Amino acid sequence: MRSTNSPGALKQLATKYVAVSVAITALCMFAGWAATNVRSDDTQAKIKVKTRLRVLAAGKSPAYVAGASHDYATATFDGLERYSTWENSDGKSATYQPQGPFTADNPFFKPMGTNGRSCVTCHDPSAGWTITPAHIRARFEASHGTDPLFRPIDGTTCPDADVSTPAAMKKAYSLLLNKGLIRIGIAIPPDAEFSVVEVDDPYHCTKLSSPKSGVLSVYRRPLQATNLRFEDSLMWDGRMGDLERQANDAVRGHEQAVDGPMPDQLARLIEFETGTYDAQTWVPKAGSLQDGGVGGGPVALSREPFFIGINDPFGNNPIGAQTSLHVFNLYDLWRGDPNPERARIARGQAIFNATPMIIGGVPGLDDAEDHPTHEGFCTTCHDTPNVGNRSINILMNLGTADASRRTPDMPLFTLRCDSGALKGQTFQTMDPGQAMVTGKCTDIGRFKTSSLRGLASRPPYFHDGQSATLMDVVNFYNDRFQVGLTAEEKEDLVAFLRTL
Ligand code: HEC
Ligand code: HEC
């Protein structure tokens, strides 16, 4: 009955998903071709074709390699190879573990709580180490909503939502199914400068005992649990100081455990998280992104230097070295390449590095209180070389959570500032962001500048999945910062972003 309602593509994915959970043999064969050592993608492609044929001949589904998600927590999952390849709608991505391969008994893959979830439930390597709506819907269809992802604690729009019938479940899990959003409940800090004076919440899930106390429910995308060696800020609102605290919180929260992980489990988890790199490796027309001297893919990424504050343009670089605006140099060799797609990617990289824009009214960009206008670039904020996050834990308010961008599926909170620098002012926001951590009105709507690697594997974008495609992201910036890109330049920029 459910399948008659679902669109064809979804049904297909769902069928693949079912097939894959039984066809673990296919997984093992796949693991065999995902080379232990790095090979060029061309070689990989050949091996892959062969393996696919073998898989098909054995009557098994090639779903795993086609990118459908599956239950990594099954006892038979072997863990990743040192270098593993995944497919996405823009080509292929790969995960590389220089010190690996880490096996499936790493706590990352093991349920540590009471609800069957493990870290990989929401941080899936075939989806850029997060989860995407296409995969989520396939998992929902295939498991009839019993996959551990679908737990009311934070998978539904509210833990008390009705999940008694299939139709009720679809409604309760709507934000997860449509945008890949997880509910995060955060208490108003005791010393907050603001009161929450009005709550317009379609899910009635913000429970306040007074305008100054209670828990706000906000809805956010899982961040990538990879490329973490380059991160100084953890979580969209920067609330976690380190990976240890983060893991403890994830196990007690998402996995509903009574106790956090044991010290040895924590150590192995963090070794895994900081030793894992993920990036796009192949796109149609341009081909391999990591052969012949160009610098895409996770192997080159694993060798990128990093320290907190590297390349920050606002005086936060501890060694005071001159800031380079040539933040991405991966495709320098493709400038003017006879292959038009390669030339386009190089043009997109140049636009990202150095097309000027008017960056105004962004709290957190510099220390000034009046948020002056700067002439800047994408790289003014996305400053970590060849990674693209901000290299220091200073969050910014781009306006992504503003009332003007609200869609009916998101809550809207009205915050009145009773003390501090903005006393007397009122703000409306879908998610107060960092203000729920610091209690400060100046931090309302601030989020971290997330890494830009692996973008093609993990739509939709921004903290609440408000941009379905990379073109939507580019259009947001083009309007917000008066970039003035032509249609052609937008295409170039998107072509570059999807190679990351
Ligand atoms: C139910 C889904 C879910 C599960 C299970 C889950 N996470 Fe997450 N994870 C999220 C969400 C959502 C966020 C972003 C939340 C926010 O910013 O408020 C996140 C953020 C993170 C981040 C921050 C990354 C960054 O760049 O800031 C790390 C690291 C992480 N998770 C690791 C883990 C680990 C380790 C586990 C297992 C112990 C785990 N997660 C289990 C959903 C999940
Ligand atoms: C003023 C600082 C700033 C500038 C300039 C800036 N960004 Fe961002 N970027 C951010 C922040 C902060 C976020 C996260 C915002 C959120 O999720 O609400 C972000 C998020 C993104 C994301 C989504 C990442 C994800 O994981 O969902 C993409 C893609 C992106 N930026 C691309 C660009 C491009 C392309 C440009 C130039 C046209 C640019 N950015 C300019 C600060 C900036």
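Above: the structure in question.
Residues numbered from 1 in each chain as written. Chains lettered and ligands numbered in written order. Predicted model: local features only at pLDDT ≥ 70, side-chain atom pairs only at ≥ 80, totals over all residues.

A.B. asks: I would appreciate a short explanation of the overall build of the chain in the present structure.
C.D. replies: Looking only at helices and strands, the chain has 16 helices and 12 strands in total. For the chain, the proportion of its 500 residues judged to be buried stands at 49%. For the chain, contacts bridging at least 24 residues in sequence account for 67% of all contacts bridging at least 6. (Helix = DSSP H or I, 4+ residues; strand = E, 2+ residues; numbered from the N terminus. Buried ≥ 20, exposed ≤ 12 C-beta atoms within 10 Å, placed from the backbone. Contact = placed C-beta atoms within 7 Å.)

A.B. asks: Just to check I follow, could you spell out helix α9 (residues 243-252) for this structure?
C.D. replies: Helical periodicity: at 3.6 residues per turn, an α-helix aligns residues three or four positions apart in one direction. Within α9, burial applies to Gln246, Ala247, Ala250 and Val251. Looking straight down α9, one finds that the buried residues subtend no more than 130 degrees of arc, so they occupy a single side. Buried residues belonging to α9 abut α5 (119-122) and α10 (263-274). (Arc of directions from axis to C-beta.)

A.B. asks: Hey, could you run me through the packing of helix α12 (residues 340-354) against helix α16 (residues 487-497) in this one?
C.D. replies: A pair of packed helices can be characterised by two numbers: the angle between their axes and the separation between those axes. Two elements in contact, α12 and α16, have axes separated by 7 Å at closest approach and are oriented at 95 degrees. The angle between the axes of α12 and α16 places the two elements in the roughly perpendicular class. Of the residues in α16, those touching α12 at Arg344, Ile345, Arg347, Gly348, Gln349, Ile351 and Phe352 are Glu489, Asp492, Leu493, Ala495 and Phe496. The class makeup of the residues in the contact of α12 with α16 is 6 nonpolar, 2 polar and 4 charged. (Axes fitted to C-alpha atoms, helices over the stretch in contact; angles between N-to-C directions. Parallel < 35°, antiparallel > 145°, perpendicular 65-115°, else oblique. Nonpolar A, V, L, I, M, F, W, Y, C, P; charged D, E, K, R; others polar.)

A.B. asks: Help me understand the sheet that holds strand β7 (residues 277-283), please; the structure alone is not making it clear to me.
C.D. replies: Backbone-to-backbone hydrogen bonds join strands into a sheet, with any given pair of strands oriented parallel or antiparallel. Here 4 strands make up an open sheet; going across it, the order is β1-β2-β7-β8 and the pairing antiparallel. Two strands close off the open sheet at either side, each with one partner strand: β1 (83-88) and β8 (287-288). As defined by bridge partners, β1 adjoins strand β2 (residues 91-96) across 6 bridges and the pair is classed as antiparallel. When the sheet's bridge partners are listed, Trp86 is paired in β2 with Ser93. (Pairing = 2+ DSSP bridges.)

A.B. asks: Is there a simple way to think about the pairing of β7 in this case?
C.D. replies: On any regular strand, side chains alternate: one points to one face of the sheet, the next to the other face. Of all 7 residues in β7, 7 are buried; the element is thus mostly enclosed. With 5 bridges joining them, β2 and β7 adopt antiparallel strand pairing. Within the sheet, the bridge partner assigned to Thr95 lies in β7 and is Asp278. Judged from the 2 bridges that link them, β7 and β8 form a sheet pairing that is antiparallel. In the sheet register, Trp282 faces β8, and the bridge partner there is Ser288. Here β7 folds back onto β8, and the loop between the two strands holds 3 residues, one of which, Lys285, carries a positive phi near 75 degrees.

A.B. asks: What am I meant to see in the sheet that holds strand β3 (residues 182-187) here?
C.D. replies: Spatially, 3 strands are ordered β3-β6-β5 in an open sheet, and the strand pairing comes out antiparallel. With partners counted over all chains shown, the strands left at the sheet margins are β3 and β5 (207-210), one partner each. Between one strand axis and the next, the sheet turns through 25 degrees on average, direction left out of account. Taken together, the 6 bridges between β3 and strand β6 (residues 213-220) define a ladder with antiparallel strand orientation. Bridge pairing in β6 places Arg183 opposite Tyr219.

A.B. asks: What am I meant to see in the site of ligand 1 here?
C.D. replies: Neighbouring ligand 1 are 27 residues; Cys119, Cys122, Pro222, Trp236 and His254 lie closest to it. If you list the elements that add at least two residues to the shell around ligand 1, you get α5, β3, α9 and α10. Grouping the amino acids of the shell around ligand 1 by side-chain chemistry returns 16 nonpolar, 4 polar and 7 charged. (Near = placed C-beta within 6 Å.)

A.B. asks: It is not clear to me how the site of ligand 2 should be interpreted in this structure. Could you clarify?
C.D. replies: Around ligand 2 sit 26 residues, and of these Cys378, Cys381, Thr400, Tyr461 and His463 come closest. Listed by contribution, the elements that provide at least two residues to the shell around ligand 2 are α13 (378-381), α15 (470-480) and α16. In the shell around ligand 2, the residues fall into 19 nonpolar, 7 polar and no charged.

A.B. asks: I would appreciate a short explanation of the nonpolar core in the present structure.
C.D. replies: As a rule of thumb, nonpolar side chains are buried together in soluble globular proteins. Grouped together as the largest cluster of nonpolar side chains are 34 residues, with contacts concentrated most on Tyr331, Ile345, Leu455, Phe496 and Leu497. At the level of elements, β1, β2, β7, α12, α15 and α16 are the ones that each hand at least two residues to this core. If you look at the next biggest cluster of nonpolar residues, it comprises 32 residues, including Cys122, Ile184, Met410 and Phe413. (Core = buried A, V, L, I, M, F, W, Y, C linked by C-beta atoms within 7 Å.)

A.B. asks: When you look at unusual backbone geometry in this model, what are you seeing that I'm missing?
C.D. replies: Trans is the common state for peptide bonds, and a negative phi is the common state for residues other than glycine. A cis amide bond links Gly100 with the next residue in sequence, Pro101, at an omega value of 5 degrees. Counting through the fold element by element, Pro101 comes out in the loop between β2 and α5. The peptide bond linking Pro459 to Pro460 adopts the cis configuration, its omega dihedral lying at -5 degrees. Secondary-structure assignment places Pro460 in the loop between α14 (435-438) and α15.

A.B. asks: Explain the packing of α15 against α16 to me, please; I cannot follow it from the model alone.
C.D. replies: Taken N-terminus to C-terminus, the directions of α15 and α16 make an angle of 125 degrees; their axes are 9 Å apart at the nearest point. Viewed along their axes, α15 and α16 adopt a mutual orientation that is oblique. The handedness of the crossing between α15 and α16 is right-handed. Across the interface between the two elements, Leu470, Met471, Val474 and Asn478 of α15 pack against Lys490, Leu493, Val494 and Leu497 of α16. (Left-handed = near helix turned anticlockwise from the far one by under 90°.)

In short, the description is geometric, and any link to function would need to be established separately.
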